[in-house]
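Report on the structure
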Amino acid sequence: MSVRVLVAKVGLDGHDRGIKVVARILRDAGMEVIYTGLFQTPASVAIAAIQEDVDVVGLSLLSGAHLTLAPLVVEEIRQRGSEIPVVVGGIVPANDLAELKTAGVAAVFGPGASADEIVTTITSLVAQSL
Amino acid sequence: MTELSPYEQWQRAYEASSLRDRPFTTMSGIELEPVYGPGDGEFPGQFPYTRGVHAAMYRSRLWTMRMFAGFGTAVDTNKRFKEIIHSGGTGLSTAFDMPTLLGLDSDDPMALGEVGRCGVAIDSLADMRDLFSGIDLSSITTSMTINSPAAVMLALFVAQAEESGVERKLLGGTLQNDILKEYQAQKEFVFPPRQSMRLVRDSMAFTAEQMPRWNSISVSGYHIREAGSTAAEELAFTLANGFAYVELAQEAGLAVDAVAPRLSFFFNAHIDFFEEIAKYRAARRIWAKWMRGHYGAHDERSWQLRFHTQTAGVSLTAQQPEVNIARTAIEALAGVLGGTQSLHTNALDEALALPSQKAARIALRTQQVIAYETNVANVVDPLGGSWFIEELTDEMERQAEEIFGQISDMGAGSMLEGCIKGIEDNWFQGRIAESAYRLERSFNDGQRIVVSVNDFREGNEDEELSILRITNEDEQKQRRRLGEVRQNRDNEKVRTALEVLRLAASDPEVNVMPALIDAAKVYATVGEMMSTMAGVFGRHVEVPFL
């Protein structure tokens, strides 16, 4: 069974270059990728992730709202009784990493993260959660 | 009377130009001509303007050092604006936060976590007043980088200026107001494309009639490139959008010469030095030919493509960020050698956050080094005549023309319809995503090197820079300010103004600008004006695709 990933844009950030490139990189690596479009809310992402029964949720955040929005997505998923891991990609300063980890974010891919790093991390996260 | 040669014509124009009081010599004292080339060739200031729109270019006047800034509340940004002016910046450019860009008030539930983060939060006339407090708007030009709510922001700007005693006809500046590239690339849209284009039409008609110094649209390739397009796609999509706005104006009964001189352009300066210079030269040539040939413009100002340049945000790295100063300097130099009218240089820390004050100052200083130390501004189009640059310019033009053909086919001969159809079919979006993917793959497989990212990584572990932090406190502060505005205004007047706006929006023959200005003056908020119009226009949802 291939790994299923939901990639999502939460909030008002319309920058979708990164999410589209990463989605194709994940597909190239044999994963199934679902994208629900721009301007999603934390609740809509959680509902889609559970309905689609994905293995990982990948959030793309470039607007600086990651400290507010990423923890809310984790919370909405956990409130629905699911342990799906959430990873974040985008403009995330190193100082914010600890806070995101504490909030339950499983991995963060900053600017310049390589395709290999993203694929390997997601693959091992899924292996751990099985 | 014998006809003057291109050189003689240029010479006349040059002699009629005022010049900066500088020695136009090399550092070692060699006297420099204002431009070089054979006497029967093309000279700057001459159709089709490949070599520049003015005969003397930077010998008359340097480019405007227009620094893009905005964060937190209007009071915070006003302070940064004053710092920029104090450091020698010669123009202002306003960055708005995400809620403002999408026409939402700071207390909207969707705005949570985004207020003041990526730019300044503007909710009402009260914020607009604070934003420009103490800045003389008749002496410094202002650019406002906003699109979906562009007409609303223009209304607030006019209301604010008139309140401070500056007549609208004296206001100089630029509204980005380029909605087509929002659907294609930046994705900050609110209304469906055709309804958005109606607002563009209204603001164009209004400024053409009442604000002669105002640039109604800054047709922007910057975001198309940042979203991942190639240089030729940036060039072609941007100019095609420009043609679409001209056709829109013509459909509304406005003469091409009434609107084209008030269109300006905005291009990216990416890291491929010569390709960028060729892109700017080709842009001027294509625009001139199309305006005169296809659209029948007679006024030479309609033929002259003027543009702003910003260095490429996507070329910056979070690793070893100081190296970004070098990247930005090279990109900025391409903009200058390509004949830009104004320039924003990115700060070294922008792969991490909005720029700190120090980083923003270094970025401005980079422009000042190019302007005042290198002597590159002494000679117009210094690379013109290079076999390489001329061929690359021709190739850019060829590729762009091929794309125009595809867009025109989609619109059955209309660039306006072709641009809208291409958006509705995700044609532009798909091409941009494909180019972004290819470029990323070339980095991933090591075909292309990015210093500090996929090679030369020693030093990546160095200490972090001190970056600008926007806190949730700023968000709270802005919400409180908005609450006060709502409390202190006359809500009956607001209701009436919004009803007048709703009626204006409902009649496609009516221009909404007067209703927006009246609503702005009684402190209707950006969110209220936008949702009133959304009630009539509907909202756009992009069909997700990968």
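Criteria and thresholds
- Residues numbered from 1 in each chain as written.
- Chains lettered and ligands numbered in written order.
- Predicted model: local features only at pLDDT ≥ 70, side-chain atom pairs only at ≥ 80, totals over all residues.
- Helix = DSSP H or I, 4+ residues; strand = E, 2+ residues; numbered from the N terminus.
- Rg over C-alpha atoms; globule rule 2.2 N^0.38 Å.
- Buried ≥ 20, exposed ≤ 12 C-beta atoms within 10 Å, placed from the backbone.
- Contact = placed C-beta atoms within 7 Å.
- Core = buried A, V, L, I, M, F, W, Y, C linked by C-beta atoms within 7 Å.
- Nonpolar A, V, L, I, M, F, W, Y, C, P; charged D, E, K, R; others polar.
- Axes fitted to C-alpha atoms, helices over the stretch in contact; angles between N-to-C directions.
- Parallel < 35°, antiparallel > 145°, perpendicular 65-115°, else oblique.
- Left-handed = near helix turned anticlockwise from the far one by under 90°.
- Pairing = 2+ DSSP bridges.
- Right-handed = clockwise from strand over helix to strand, strands pointing away.

**Concerning the overall build of chain A**
Helix and strand content of chain A: 5 helices and 5 strands. The C-alpha atoms of chain A give a radius of gyration of 13 Å, which matches the 14 Å a tight globule of 130 residues would have. Its C-alpha atoms give chain A principal-axis dimensions of roughly 35 × 35 × 25 Å. Relative to its full complement of 130 residues, chain A shows a buried share of 51%. When contacts within chain A are restricted to residue pairs at least 6 apart in sequence, those whose partners lie at least 24 apart make up 71%.

**As for the nonpolar core**
Core analysis: the biggest nonpolar cluster contains 209 residues, and Val57 and Val73 of chain A together with Ala155 and Leu516 of chain B have the highest contact counts within it. For this core, the leading source of residues is helix H9 (residues 231–251) of chain B, giving 13 residues. Excluding residues that lie within four positions of it along the chain, Val73 of chain A makes contacts with Val10, Pro42, Val45, Ala46, Val57, Leu59 and Val86 of chain A.

**Brief notes about the interface of chain B and chain A**
Chain B puts 32 residues into the contact, and the matching count from chain A is 29 residues. Those elements that place two or more of their residues in the side of chain B that touches chain A are helix H3 (98–101) and helix H17 (427–444) of chain B. With 5 residues, the top contributor of residues to the side of chain B that touches chain A is H17 of chain B. Within the side of chain B that touches chain A, the residues separate by chemical class into 19 nonpolar, 6 polar and 7 charged.

**Some words on the environment of Arg361 of chain B**
Position of Arg361 of chain B relative to the elements: it lies in helix H14 (residues 357–372). Linking Arg361 of chain B and Asp108 of chain B, residues 253 residues apart in sequence, is a C-alpha distance of 34 Å.

**A closer look at the packing of H9 of chain B against helix H16 (residues 415–424) of chain B**
Residues and elements named next belong to chain B. Running from N to C, H9 and H16 point in directions that differ by 120°, and their axes come no closer than 7 Å. When the interaxial angle is binned, H9 and H16 end up oblique. Considering only the axes of H9 and H16, their crossing is left-handed. Residue-level inspection shows Ala240, Asn241, Phe243, Ala244, Glu247 and Leu248 of H9 in contact with H16, the latter providing Met415, Leu416 and Cys419. Partitioned by chemical class, the residues of the contact of H9 with H16 number 7 nonpolar, 1 polar and 1 charged.

**Details of the pairing of strand S2 (residues 91–95) of chain B**
Residue and element names in this part refer to chain B. Most of S2 is tucked away, with 5 of its 5 residues classed as buried. Of the two faces of S2, both are covered, the one formed by Gly91, Ser93 and Ala95 as well as the one formed by Leu92 and Thr94. Pairing of strand S1 (residues 64–69) with S2, which is carried by 4 bridges, proceeds in the parallel orientation. If you follow Phe68 over to S2, its bridge partner there is Ser93. Running through helix H2 (residues 74–86), the crossover from S1 to the neighbouring parallel element S2 is right-handed. Sheet topology places S2 next to strand S3 (residues 142–145); 4 bridges connect them, and they run parallel. Across the sheet, residue Leu92 finds its bridge partner in S3, namely Thr142.

**Observations regarding the sheet that holds strand S1 (residues 4–8) of chain A**
Residues and elements named next belong to chain A. Reading across from one edge, S2-S1-S3-S4-S5 is the order of the 5 strands in this open sheet, with parallel pairing throughout. Two strands in the sheet have a free side with no partner beyond their single neighbour: strand S2 (32–35) and strand S5 (105–109). Between one strand axis and the next, the sheet turns through 25° on average, direction left out of account. In this structure, S1 lies alongside strand S3 (residues 56–61), joined through 4 bridges in parallel fashion.

**Points about the sheet that holds strand S9 (residues 342–344) of chain B**
All names here are of chain B. Within the open sheet, the 9 strands sit side by side as S5-S4-S3-S2-S1-S9-S8-S7-S6. Their pairing is parallel. The sheet is open, and its two borders are formed by strand S5 (214–215) and strand S6 (217–220), each paired with just one other strand. Note that strand S8 (residues 307–311) and S9 share 3 bridges and pair parallel. Within S9, the residue paired with Thr309 across the bridge is Leu343.

**Some words on the pairing of S1 of chain A**
All names here are of chain A. Counting buried positions over the 5 residues of S1 gives 4, a clear majority of the element. In terms of strand pairing, S1 meets S2 through 4 bridges, oriented parallel. Within S2, the position partnered with Val5 by the bridge is Val33. At this point the chain moves from S1, through helix H1 (residues 17–28), to the parallel S2, and the crossover so formed is right-handed.

**Comments concerning the packing of helix H7 (residues 193–210) of chain B against H9 of chain B**
Each pair of packed helices can be described by the angle between their axes along with the distance between the axes. Residue and element names in this part refer to chain B. One can describe the packing of H7 onto H9 by two numbers: an axis separation of 10 Å at closest approach and a directional angle of 70°. Taken as axis vectors, H7 and H9 run roughly perpendicular relative to one another. Seen from H7, the contacting residues are Met197, Val200, Arg201 and Met204; seen from H9, they are Tyr245, Leu248 and Ala249.

Don't take any of this as a statement about function, it's just geometry.
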